[in-house]
Amino acid sequence: MSTVQLKAVSKQYGAVEVMKGLDLSVRDREFIVFVGPSGCGKSTLLRMIAGLEEITAGDLFIDGTRVNDVPPDARGLAMVFQSYALYPHMTVASNLGFALRLARVPRAEREAKVRAAAKILQLENLLDRKPGQLSGGQRQRVAIGRAIVRQPKVFLFDEPLSNLDAALRVQMRIELARLHRELSATMIYVTHDQVEAMTMADRIVVLRAGVIEQVGTPLELYNRPASTFVAGFIGSPKINLLPVTVTAGSPIGVKVSLPSNVAIAVPAAADALPVGASATLGLRPEALVVSSDGPIGGEVSVVEHLGGETLVYVDIGGATLMTVKLAGNDPVRVGEKVRLAVGPTAVPLLFNAEGRAVRAAIQPAMQ
Amino acid sequence: MRPSTRWLIVRTILGWLVALVMAFPVFWMALAAFKTELDAIASPPLLFFTPTLENFAEMNERVDYIAHAWNSIAVAFFSTAVAILVAAPAAYSMAFHPTRRTKDILLWMLSTKFMPAVGVLVPIYLILIWAGLLDTRTGLIIITLMANLPLIIWMLYSYFKEVPGEILEASRMDGAKPLQQLVHLLIPMAAPGVASTALLAIILSWNESFWCINVTAVNSGTLALAIASFSNPEGFFWAKLSAASLASIAPIMVFGWLTQRQLVRGLTFGAVK
C-alpha cells in the first residue's frame, strides 16, 4: 500500500503564496499526473512531496503517516529529475547502487539489486560506463533505474521526458507505462505536455497558479472539463472557445447565439444561466462537421494535411479561427466557403461568465 | 598566404616576445648564480663566462639549505591541507545553503586581503609572542593558512557553484548527508578545481616572504628567509643572492612545471564555458 494525501497544503515564499491550500488523495498504485502551464506550481508541489521544499502549512501523509518533518530519504520516495541528475564521476552501476551504498547494504545484495534493475531497463551492457558516455535515452533509463533500485513506495517524476527528442519521448512514454504495470507502484508524474498526461495517467491533476483546477481521468477532463482553462489545456488540437449569449432556455437545454447571430442548442441546465447572460461555448475540433445546411458559415483560411486527419482553420468572422478536424483525405481547399454544423453525436460544452462549466440539463445515464 | 596564417604568426611572435620579457629576469638570475661575484657585476654584462658552483657551496655554508627547504615544504603543504579541510565545508554551505548574508561574508573575507599585511604586523607579532609561537613552524603555518583561506574559500565556492543543484538534490533523495555529499560528490566532481586551488595555495605559501621574514628566524625560517639573508646592510652579493634564489625557486618551479596542465585547466575552468 502506498498512498499520498495532501490536506490543505500550501507554500509561501515570503509574502507570496504559490500553493494555495491543496487537497488531494493519490491512491495506491495509481499513475497520477500533475499538469499545467509553466509557473502553475506543479514542480513545486512534487518537490514538496519529495521533501526538497518545505511545506508552509497543511499536512502531507504518505501511507497515512504525517511526513511534513521527515527528511527526503526517509520518506520512502524516489525521484527522477528533468536533468537526470546522474553522478557524472560514477559508473552506471555506482549510480544505481549509490543509495544502497549509503544505506550500508552488503555488497552482494547491492549488486544483485543493481543487476535486477539494470535488467528491467536493459542497461546490463552499460553498467561500467560513465554517464558522459551514454545517449540521452540511456541516461534517462539510468535515472529511472536509480529510482527502481531503492524500491520506493512512490515514484516521483519531474518532467523526465522533456530533454528527449520526439521519437524517443513516445518510446519512453510506452516504457514508463509498462514499468508502472510491472512494478505496480504508485507514481506521481509532472509534465507540461498534455499529451503525456492524457496517454499515461490514471488520473490527471490540472494545476493553475497554485490551485487545483480539476482532478479526473483523462476522458473525464476531456469530455467534462470543469472550466474553460481545463478545456483549453486538455486536447490537441485545442478546443474552440466562442463567446456566446444565452437566448432561450428549456428543460432540455439552452439556446445560445454566436456573435454572427447563429443559434446553437446546448444541453446545459437552463436554471444555471439566465436568458441574456454571456457565456463561452466550447466545441472540440472533431465535434464539427462540414455540412451544406450547417448554421455556421465561413471561409477556409489554413489547411493542414496530417495524413490520418486534416485540420482546417475556418474564418467565421470572430477573433480567432475555428479549428475543425476532418478526415485525412478530405479535399477541402484554402479559400473555399464552407458551412459547419455540430456533429450528431457531439456534445457542445457551455461555460458561464466566470469560465466555470455549466452542468448538463439531463445527467448522463449511470452505468 | 592566408590572413589567418599570417595572424597566427604575428600572434606567435608576440607571445614569445611577452614570454621572453617576463622570463628574462629569471634567466639572468639563473646565469648570475653560476658566475663569480666579479663576473656578476661586470659592465657590460657578460653572457659568456666560466661557470662555477662556488656560490652554492658558500650559500650552503652560510645558511642551512636543507633545513630551510624542509620548513618551506612543511609550511606550504601543511597549511594548504588544513586550509582545504577548513574551506571545503565553508564553501559547501555558502554555495548550497546561502543565506541573505552569504554574499556579504564572502566579500568581507576577501576584504581582509585589501589591507597590506604590514598593517597587522605589530598585533600579530604580539599575539605570537603571547602564544609562544614566535619563530615556530606552527606559528608560520597558522599565519599562512589564515592569509590564504579567503582565496581558497572563494575558489572552492566558485567550483562548487558549478555543480548542478539537482545532483545534490538527487543525492539527498538517495540519503546522502552533507558530509557524504561533500566526500562522495562535490570533491570528486570539483576535483580539477580543488586540485588547482591546492596547487595555487602551495605556490602562494612557498613564495610568501613578508611573514616569514618578520616572524621567523633560525628555527622555522623558510627559503624566503634564506634568500633575504643575502641582501643585508653589509653588502650586496649578487652572485650569492642569485644562487640562493635559484635554489629556493627551483623546487616550486619543478612542481609548477609538473602540474602546469592541472593548474591551467583549473584556473581557466568556468571561464570558457
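1. As for the overall build of chain A
At step 1: Of the regular secondary structure elements, chain A holds eight helices and 20 strands.
At step 2: Across its three principal axes, chain A shows a C-alpha extent of roughly 75 × 45 × 45 Å.
At step 3: Looking at chain A residue by residue over its 367 residues, the buried ones come to 39%.

2. Brief notes about the overall build of chain B
At step 1: The secondary structure content of chain B amounts to 14 helices and two strands.
At step 2: When burial is assessed residue by residue, chain B has 34% of its 273 residues classed as buried.
At step 3: Taking contacts inside chain B between residues at least 6 apart in sequence as the whole, the part at least 24 apart equals 79%.

3. Things to note about the pairing of strand E10 (residues 211-216) of chain A
Residues and elements named next belong to chain A.
At step 1: Pairing geometry for strand E9 (residues 203-208) and E10, over five bridges, is antiparallel. Its bridge partner lying in E10, Leu-207 is registered against Ile-212.
At step 2: Count of turn residues in the E9/E10 antiparallel hairpin: two residues, of which Ala-209 carries a positive phi of about 50 degrees.

4. Focus on the sheet that holds strand E14 (residues 278-283) of chain A
Residue and element names in this part refer to chain A.
At step 1: With antiparallel pairing, five strands are arranged side by side in an open sheet as E13-E12-E11-E14-E20. Looking along the sheet, the strands with just one partner apiece sit at the ends: strand E13 (263-266) and strand E20 (349-351). Strand after strand, the sheet turns through a mean of 45 degrees between neighbouring axes, direction not considered.
At step 2: Bridging between strand E11 (residues 240-250) and strand E12 (residues 253-257) involves five bridges; their strand directions are antiparallel.

5. Re the domain arrangement of chain A
Residues and elements named next belong to chain A.
At step 1: Partitioning chain A into structural domains gives domain 1 (4-232) and domain 2 (237-351).
At step 2: In this structure, domain 1 and domain 2 have C-alpha centres spaced 38 Å apart.
At step 3: Facing the five residues of domain 1 at the interface are seven residues of domain 2.
At step 4: Class assignment of the residues belonging to the side of domain 1 that touches domain 2 gives a composition of two nonpolar, three polar and no charged.

6. Quick word on the pairing of E9(A)
At step 1: Inspection of the sheet shows strand E3 (residues 31-35) of chain A paired to E9(A) by four bridges, in the parallel sense. The residue bridging Val35(A) from the neighbouring strand is Val206(A), located in E9(A).

7. What to know about the sheet that holds strand E17 (residues 309-315) of chain A
Residues and elements named next belong to chain A.
At step 1: Strand order in the open sheet formed by five strands is E15-E19-E16-E17-E18, with antiparallel pairing between adjacent strands. A strand with exactly one partner marks an edge of an open sheet, and here the two such strands are strand E15 (288-290) and strand E18 (322-327). The sheet shows a mean angle of 50 degrees between the axes of neighbouring strands, direction not considered.

8. Here we look at the packing of helix H2 (residues 92-102) of chain A against helix H3 (residues 107-120) of chain A
All names here are of chain A.
At step 1: At a closest axis distance of 9 Å, the pairing of H2 and H3 adopts a crossing angle of 130 degrees. By the angle between their axes, H2 is oblique relative to H3. For the pair H2 and H3, the crossing hand works out as right-handed. Each of Ala-93, Leu-96, Gly-97, Leu-100 and Arg-101 in H2 lies in contact with H3, whose residues at this interface are Arg-110, Lys-113, Val-114, Ala-117 and Ala-118.
At step 2: Taken together, the residues of the contact of H2 with H3 sort by class into six nonpolar, one polar and three charged.

9. Here we look at the interface of chain A and chain B
At step 1: Across the contact, 16 residues belong to chain A and 14 residues belong to chain B.
At step 2: Secondary-structure elements contributing two or more residues to the side of chain A that touches chain B are strand E6 (77-80) and H2 of chain A.
At step 3: In terms of residue class, the side of chain A that touches chain B is made up of 13 nonpolar, two polar and one charged.

10. A word on the nonpolar core
At step 1: Counting residues in hydrophobic clusters, the biggest one holds 165 residues, and the most contacted among them are Val33(A), Leu156(A), Ile188(A), Ala91(B) and Leu156(B).
At step 2: Among the elements that make up this core, the one with the highest residue count is helix H7 (residues 137-161) of chain B (13 residues).
At step 3: Formed jointly, this core draws a minimum of three residues from each of two domains, domain 1 (4-232) and domain 2 (237-351) of chain A.
At step 4: Among all residues touching Ile188(A), those that are not within four sequence positions of it are Val4(A), Val26(A), Ile32(A), Phe34(A), Leu46(A), Ile49(A), Val154(A) and Leu156(A).

11. A look at the environment of Leu258(A)
Residue and element names in this part refer to chain A.
At step 1: Note that Leu-258 resides in the loop between E12 and E13.
At step 2: Exposure remark for Leu-258: the 18 C-beta atoms within 10 Å place this residue in the partly exposed category.
At step 3: Once the C-alpha coordinates of Leu-258 and Ala-15 are considered, the two residues, 243 residues apart in sequence, prove to be 43 Å apart.
At step 4: If sequence neighbours within four positions are ignored, Leu-258 has contacts with Leu-242 and Val-244.

12. Digging into unusual backbone geometry
As a rule of thumb, non-glycine residues mostly have phi less than zero, and peptide bonds are mostly trans rather than cis.
All names here are of chain A.
At step 1: Here Ser-236 and Pro-237 are connected by a cis peptide whose omega angle stands at -5 degrees.
At step 2: Its identity is not glycine, yet Ala-85 carries a phi of approximately 50 degrees, on the positive side.
At step 3: When you line up the elements, Ala-85 lands in the loop between E6 and H2.
At step 4: Notably, Gln-122 is not glycine yet its phi reads approximately 55 degrees, a positive angle.
At step 5: For Gln-122, a count of 12 C-beta atoms within 10 Å gives the class exposed.

13. Here we look at the environment of Gly276(A)
All names here are of chain A.
At step 1: Mapping Gly-276 onto the fold places it in the loop between E13 and E14.
At step 2: Residue Gly-276 is classed as exposed on the basis of its 8 C-beta neighbours within 10 Å.
At step 3: In the structure, Gly-276 is positioned 32 residues away from Val-244 in sequence and 9.7 Å away in space, judged by C-alpha atoms.
At step 4: Apart from residues lying up to four places away in sequence, Gly-276 is in contact with Thr-245 and Val-246.

Procedures and definitions
- Residues numbered from 1 in each chain as written.
- Chains lettered and ligands numbered in written order.
- Predicted model: local features only at pLDDT ≥ 70, side-chain atom pairs only at ≥ 80, totals over all residues.
- Helix = DSSP H or I, 4+ residues; strand = E, 2+ residues; numbered from the N terminus.
- Buried ≥ 20, exposed ≤ 12 C-beta atoms within 10 Å, placed from the backbone.
- Contact = placed C-beta atoms within 7 Å.
- Pairing = 2+ DSSP bridges.
- Axes fitted to C-alpha atoms, helices over the stretch in contact; angles between N-to-C directions.
- Domains from an automatic or database assignment.
- Nonpolar A, V, L, I, M, F, W, Y, C, P; charged D, E, K, R; others polar.
- Parallel < 35°, antiparallel > 145°, perpendicular 65-115°, else oblique.
- Left-handed = near helix turned anticlockwise from the far one by under 90°.
- Core = buried A, V, L, I, M, F, W, Y, C linked by C-beta atoms within 7 Å.

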